[in-house]
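Each chain is listed here by its residues.
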Amino acid sequence: MSRIGIFGGSFDPVHNTHLALAMAATQHLQLDELRWVPTGHPWHKTSRPADAAHRVAMLKLALAGQPQWRIDEIELHRSGPSYTIDTVRWLQAAEPGTHQWFLVIGQDQYEKFATWHGWQELLQRVTLAVANRAGVPPVAPPALQAVPHALEVVPMPPSELAATDIRSRLAQGLPIDMLVPPQVASYIAQNALYRK
């Protein structure tokens, strides 16, 4: 049985903490494959992300040389809000009975998980793989404490880096060289992304 991770996000832009979590999850969970799923229109965000073509191009640059990682553009071709439950249903219907599925999320997402569309069904379909970002094990929010669910803690170094920080730095003309892979920084500069 294959072990497949699903790692969704705006990736606007993809940055070093995304890559650190992906590497930690791939190794800790012994994944056969990690699927990066860029969101189309995130239901929980008010601002629209950068154009999908740019976000996918940056992902391709960042993921180069990692044969276990691949990009799945399923949410970019779906109209309306991007809901993880729809993606998981589609993937599992397309590949029935052959995989153990892990949903890779950050501790902040775990704390808000009960606000996700169809979260109860998601818990039945996947094992949650939650980043242990601050060296403190994730604590189930009250709504999840009453619902049995499979959980794996993914240990990784502390990091507070967020894509909003990078976009803010770029808007101010500040460097981001240490925050994203060099090829992503070059792409952002060449395409003048995130500038005011």
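Residues numbered from 1 in each chain as written. Predicted model: local features only at pLDDT ≥ 70, side-chain atom pairs only at ≥ 80, totals over all residues. Heavy atoms only, no water.

## As for the pattern of salt bridges
Any two side chains of opposite charge can pair, given that their charged atoms come close. Considering all chains together, one arrives at seven salt bridges under this definition. Note that Arg167 and Asp12 form a salt bridge whose closest N and O atoms lie 3.8 Å from each other. Of this pair, Arg167 sits in helix α7 (residues 163-171) while Asp12 is found in the loop between β1 (2-9) and α1 (16-28), placing the two residues 155 residues apart along the sequence. According to the relative accessible area criterion, Asp12 is buried, its value standing at 7%. Here Asp86 and Arg89 are joined by a salt bridge, their closest N and O atoms 3.2 Å apart. Taken as a pair, Asp86 and Arg89 lie in helix α3 (residues 84-94) at a separation of three residues, close to a single helical turn. (Salt bridge = Lys/Arg side-chain N within 4 Å of Asp/Glu carboxyl O. Helix = DSSP H or I, 4+ residues; strand = E, 2+ residues; numbered from the N terminus. Buried < 20%, exposed > 50% of the residue type's maximum accessible area, 1.4 Å probe, protein only.)

## Overview of the packing of aromatic side chains
All told, the structure shown has five aromatic pairs when counted by the stated rule. Centroid distance Phe7 to Phe11: 5.4 Å. Interplanar angle 80°. Geometry classified as edge-to-face. Taking relative accessible area as the criterion, Phe7 reaches 4% and is therefore assigned buried. Note on Phe11: relative accessible area 2%, which makes it buried. Ring centres of Phe11 and Trp36 lie 5.2 Å apart, and the angle between their planes is 50°; this geometry places the pair in the tilted category. In this pair, Phe11 is assigned in the loop between β1 and α1 and Trp36 in strand β2 (residues 33-38), connecting sequence segments 25 residues apart. (Phe/Tyr/Trp six-rings, centres within 6.5 Å; stacked < 30°, edge-to-face > 60°.)

## Topic: the pairing of β2
Buried residues dominate β2, accounting for five of its six residues. Of the pairings in the sheet, the one linking β1 to β2 comprises six bridges and is parallel in character. Bridging from a neighbouring strand, Gly5 pairs with Leu34 of β2. Regarding topology, α1 serves as the crossover connection from β1 to the parallel β2, and that connection is right-handed. Relative to strand β3 (residues 69-71), β2 is paired through three bridges, and the arrangement is parallel. Within the sheet, the bridge partner assigned to Arg35 lies in β3 and is Arg70. (Pairing = 2+ DSSP bridges. Right-handed = clockwise from strand over helix to strand, strands pointing away.)

## Brief notes about unusual backbone geometry
Look at the link from Asp12 to Pro13: it is a cis peptide, with omega at 5°. Counting through the fold element by element, Pro13 comes out in the loop between β1 and α1. Even without glycine at this site, Phe11 takes up a positive phi of about 50°. The residue Tyr194 is not glycine, and still its phi comes out positive at about 65°. Secondary-structure assignment places Tyr194 in the segment after α8 (182-190).

Everything listed here is a matter of coordinates, which is why it stays silent on function.
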